[in-house]
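Observations on the model geometry
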Amino acid sequence: MIRGLRPLLRGSTYTGVLFAYAGALASLPLLPFALAPALAWRSAPEAAQIVLVLLLWSVLIGSVGLARTTRRVLVTAARRLLRVPLPDPVAGRRRAGSVVGPAAAAGTAPSGAGRWRTPLWLLLHVLLGWTGALVSGLLILLGLSLPGNWLGGQVELNLFGRPLRVEGGWQSWVLALGCLLLAAAGCAAVTGALRWTAPRLLGPSPAERLALAAERELLLAERNRLAQELHDSIGHTLTAATIQAAVAGEVLAADPAAARAAMRSIEESARAALEDLDYVLGVLREEEPGTAPARTLSDLPELLDRLRHAGAVVEPDLSGDLAQVQGTLSRAAYRILQEGLTNALRHGDGGPIEVRVAVGADGLELSVVNRTGAAPGTGPGTFPSTGRGLPGLAERVRLLHGEIDFGPAGPRHWRLAVRLPVRLPA
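Keep in mind the model is a prediction, meaning the values are calculated, not measured.

Take the environment of Ala323 next. On the secondary structure map, Ala323 appears in the loop between strand E3 (314-319) and helix H12 (327-347). By relative accessible area, Ala323 is classed as exposed at 55%. Spatially, the C-alpha atoms of Ala323 and Leu297 are 7.5 Å apart, while their sequence positions differ by 26 residues.

Structure, rendered in structure tokens:
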């Protein structure tokens, strides 16, 4: 039982009591508006007037809880004073540059039974605040008054119309200590009740949880996409630049023109990678990013030229009209070929790299075949591998409802083959 109460009482009890009492005091400005009708109805019985005042006071307090600003203030105060991990309300939350889906849009405005949770919690907050203040104040007053009997006097209390006489001696000290302990227990109980009800009434509703999950899913999908873009772009650029720098160093004296061509290729690759990096950093910093660098199959010849400047022998086999493949499919096909060619540079033995792109009526076929070393990872172009490239390719192809196959293709050859469904314009 003690273990079950521990989560309710963790955090600062003092700040929790302060939070409860602040709610009680904040309701005082509304009391005159509730008293006015009762004062006008002087002929009513006293009990009816009290009920009317309490009812009108509750209605006024609950109406304040209908405002969105009230909920935000209560959530912030509960986080800081009650130490309750509450998320911000969904309304108005939107990442710069992100698209909020239907689920997130549905959770921006609480409706139905959900909109009454904040007024209900506010009423409970005020009720617990006044109850805790009155009960603990009475107990503390008793705790300070009872020890006077130790001096030989007597204290007579009138509790709810009943006289209560406390004799002098040590009994008064015991009762005083008991009153103070009960006051402390009452404060802890008020804090525990507020901590227990805050997540249930101030926390996200089912619709808001759905919106938060949709927002989180969009954020994770965007981060995964950016990670894949960085892997494809920066990984290819560093691989090609390293090889081109080595080639330029070897032919610098014998063939200055080839060395200059390799250096120009390094410059072009680095500039393209910087564009990708600037875009990704803009998104991660939640700034308004510019247009994402869109490289498509029309940029494939430039990519193959950079490979040739790196010393690779590329044998392209292009069939069909590449310009007919557009949009997301064309960009994905470029990234797939870029990753395949990067792997061929990293793990190949310097032999020819066969690149095949075939545009058909119902599909786009891509393949990259290269020779490998006598043992895996022994070729002259071998680089350390993170192991993220092929899984990333498989994920990209799966999202496009395509098919992917990779692995050894005969002795000392590696093959990457992808087939993507495509609908060409009429």
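Read on for the rest.
Look at the UniProt record and you will see "transmembrane region" (unreviewed entry) annotated at residues 12-35, 47-67, 120-144 and 173-194. Regarding residues 120-144, the helix share stands at 100% and the strand share at 0%, and the terminal C-alpha atoms are separated by 36 Å.

Counting 30 residues, the largest nonpolar core has Leu337, Leu341, Leu364 and Leu366 as its most contacted members. Sorting the residues of this core by element identifies helix H11 (300-309), H12, strand E4 (348-359), strand E5 (363-372), helix H13 (389-399) and strand E7 (413-421) as the ones contributing at least two each. Looking at which element gives the most residues to this core, the answer is H12, with eight residues. Apart from the residues lying within four places of it in its own chain, the contact partners of Leu341 are Leu303, Leu304, Leu307, Ile353, Val355 and Val368. Counting 22 residues, the second largest nonpolar core, distinct from the first, contains Ala20, Val53, Leu86 and Ala198.

A word on the sheet that holds strand E6 (residues 403-408). Strand order in the open sheet formed by five strands is E3-E4-E5-E7-E6, with mixed pairing between adjacent strands. The outermost strands of the open sheet, each flanked by one partner alone, are E3 and E6. Here the strands of the sheet are splayed against their neighbours by 5° on average, with no regard to which way each runs. The pairing of E6 with E7 spans six bridges and is antiparallel. Across the sheet, residue Asp405 finds its bridge partner in E7, namely Ala417.

Turning our eyes to something else, we now look at the pairing of E7. Note: E5 against E7, nine bridges, orientation antiparallel. By the bridge assignment for E7, Val369 is matched with Arg415. Count of turn residues in the E6/E7 antiparallel hairpin: four residues, of which Gly410 carries a positive phi of about 85°.

A word on H11. Three or more residues of H11 are buried, namely Leu300, Leu303, Leu304, Arg306 and Leu307. Projected down its long axis, H11 shows its buried positions confined to an angular sector of 155°, all on one face. Gly311 sits one or two positions beyond H11 and adopts a positive phi of about 95°.

On the surface, Ile140, Leu144 and Leu180 cluster together to form a nonpolar patch covering roughly 280 Å² of accessible area. Here Ile140 is to be found in helix H7 (residues 117-145). Exposure remark for Ile140: the relative accessible area of 38% places this residue in the partly exposed category.

This part takes up the environment of Leu28. Within the secondary structure layout, Leu28 lies in the loop between helix H2 (13-26) and helix H3 (31-40). Taking relative accessible area as the criterion, Leu28 reaches 35% and is therefore assigned partly exposed. Separated by 98 residues in sequence, Leu28 and Val126 place their C-alpha atoms 10.0 Å apart.

As a packed pair, H2 and H7 sit with axes 7 Å apart at the nearest point and diverge in direction by 105°. Comparing the axis directions of H2 and H7 gives the class roughly perpendicular. When H2 is examined against H7, the residues Phe19, Ala20, Tyr21, Gly23 and Ala24 are found in contact with a partner set consisting of Trp121, His125, Val126, Gly129, Trp130, Gly132, Ala133 and Ser136. In terms of residue class, the contact of H2 with H7 is made up of eight nonpolar, five polar and no charged.

Moving on, we get to the packing of helix H4 (residues 46-65) against H7. As a packed pair, H4 and H7 sit with axes 7 Å apart at the nearest point and diverge in direction by 130°. The orientation of H4 relative to H7 falls into the category oblique. H7 is crossed by H4, and the crossing has right-handed handedness. Of H7, the residues touching H4 (which contributes Trp57, Ser58, Ile61, Gly62, Val64 and Gly65) are Thr118, Pro119, Leu122, Leu123, Val126 and Trp130. Class assignment of the residues belonging to the contact of H4 with H7 gives a composition of eight nonpolar, four polar and no charged.

With that out of the way, let us pick up unusual backbone geometry. Despite not being glycine, Arg83 shows a phi value in the positive range, around 60°. With respect to the secondary-structure elements, Arg83 resides in the loop between helix H5 (68-82) and helix H6 (102-106). For His401, which is not a glycine, the phi torsion comes out positive at approximately 60°. Here His401 shows up in the loop between H13 and E6. The exposure class assigned to His401 is exposed, which follows from its relative accessible area of 68%.

Here is what the cut-offs are and how they apply
Residues numbered from 1 in each chain as written. Predicted model: local features only at pLDDT ≥ 70, side-chain atom pairs only at ≥ 80, totals over all residues. Heavy atoms only, no water. Helix = DSSP H or I, 4+ residues; strand = E, 2+ residues; numbered from the N terminus. Buried < 20%, exposed > 50% of the residue type's maximum accessible area, 1.4 Å probe, protein only. UniProt positions renumbered as here; feature names shortened; annotations may be inferred. Core = buried A, V, L, I, M, F, W, Y, C linked by side-chain atoms within 4.5 Å. Contact = heavy atoms within 4.5 Å. Pairing = 2+ DSSP bridges. Axes fitted to C-alpha atoms, helices over the stretch in contact; angles between N-to-C directions. Arc of directions from axis to C-beta. Patch = residues over 30% accessible without salt bridge, like charges linked within 9 Å, V, L, I, M, F, W, Y side chains within 5 Å. Areas by Shrake-Rupley, 256 points an atom, 1.4 Å probe, with all protein chains shown as cover. Salt bridge = Lys/Arg side-chain N within 4 Å of Asp/Glu carboxyl O. Parallel < 35°, antiparallel > 145°, perpendicular 65-115°, else oblique. Nonpolar A, V, L, I, M, F, W, Y, C, P; charged D, E, K, R; others polar. Left-handed = near helix turned anticlockwise from the far one by under 90°.

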